[in-house]
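Structure assessment
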Amino acid sequence: MLCISRRISAGSSVTYLIKKFSIPVNQTIAFGDSGNDINMLNAVEYGYLVSNAPAEAKQLYPSIAEHPHNKGILTTLTHIVKE
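Residues numbered from 1 in each chain as written. Predicted model: local features only at pLDDT ≥ 70, side-chain atom pairs only at ≥ 80, totals over all residues. Heavy atoms only, no water.

Now for the overall build of the chain. In terms of helices and strands, the chain carries 4 helices and 2 strands. Order of helices (α) and strands (β) in the chain, N terminus to C terminus: α-β-α-β-α-α. Projecting the C-alpha coordinates of the chain onto the three principal axes gives extents of approximately 35 × 30 × 20 Å. Counting only residues that meet the buried cut, the chain has 31% of its 83 residues in that class. Contacts in the chain between residues far apart in sequence, at least 24 positions, make up 20% of those at least 6 positions apart. Accessible area of the chain: about 5,900 Å², with a carbon and sulfur share of 56%. (Helix = DSSP H or I, 4+ residues; strand = E, 2+ residues; numbered from the N terminus. Buried < 20%, exposed > 50% of the residue type's maximum accessible area, 1.4 Å probe, protein only. Contact = heavy atoms within 4.5 Å. Areas by Shrake-Rupley, 256 points an atom, 1.4 Å probe, with all protein chains shown as cover.)

Next comes the structure, spelled out in structure tokens:
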């Protein structure tokens, strides 16, 4: 059995790491593939759902990578780095 506090989420974990290591928020990026990743995506400057995320998640978050899985991450990172 896995026991996790309701106060802990991907979003709260990312926020904690940003603060702990004094990372400027404008230098943060995250990728998610489901609705439970939305709070994490909102915690960073560049947040994206990969295109294989379920429709319900895509309705909750506007930034969608062009491709699924790793290809979506790689393609999106390539575009961001070029900017």
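Backbone geometry places Ser 22, a non-glycine residue, at a positive phi of 50°. Inspection of the secondary structure assignment puts Ser 22 in the loop between α1 (10-20) and β1 (29-32). Here the phi dihedral of His 69 falls at roughly 50°; this positive angle occurs in a residue that is not glycine. Secondary-structure assignment places His 69 in helix α4 (residues 69-82).

The next subject is the packing of aromatic side chains. Within the structure shown, the criterion is met by 1 aromatic pair. Both rings, one in Phe 31 and one in Tyr 48, keep their centres 5.9 Å apart while their planes meet at 25°; by these two values the pair is stacked. Taken together, the positions of Phe 31 in strand β1 and Tyr 48 in strand β2 (residues 46-49) put the pair 17 residues apart, joining distant regions of the chain. Per residue, the accessibility class of Phe 31 equals that of Tyr 48, and both read buried. Its end group placed over the ring of Phe 21, Lys 20 keeps NZ or CZ at 5.8 Å from the ring centre. (Phe/Tyr/Trp six-rings, centres within 6.5 Å; stacked < 30°, edge-to-face > 60°. Lys NZ or Arg CZ within 6 Å of the ring centre and 35° of its normal.)

Below, the discussion takes up α4. Here α4 contains 14 residues, and its C-alpha end-to-end distance of 21 Å stays within 8% of the 20 Å for a straight helix at 1.5 Å per residue. All of the buried residues in α4 are Gly 72, Thr 75, Thr 76 and Ile 80. Seen from one end, α4 has its buried residues packed into an arc of 135°, which puts them on one side. The exposed set on the far side of α4, more than 90 degrees from its buried face, consists of Asn 70, Lys 71, Leu 74, Val 81 and Lys 82. In the core, the buried residues of α4 are packed alongside β1 and β2. (Expected span 1.5 Å × (residues − 1). Arc of directions from axis to C-beta.)

No statement about biological role is implied by the geometric values presented.
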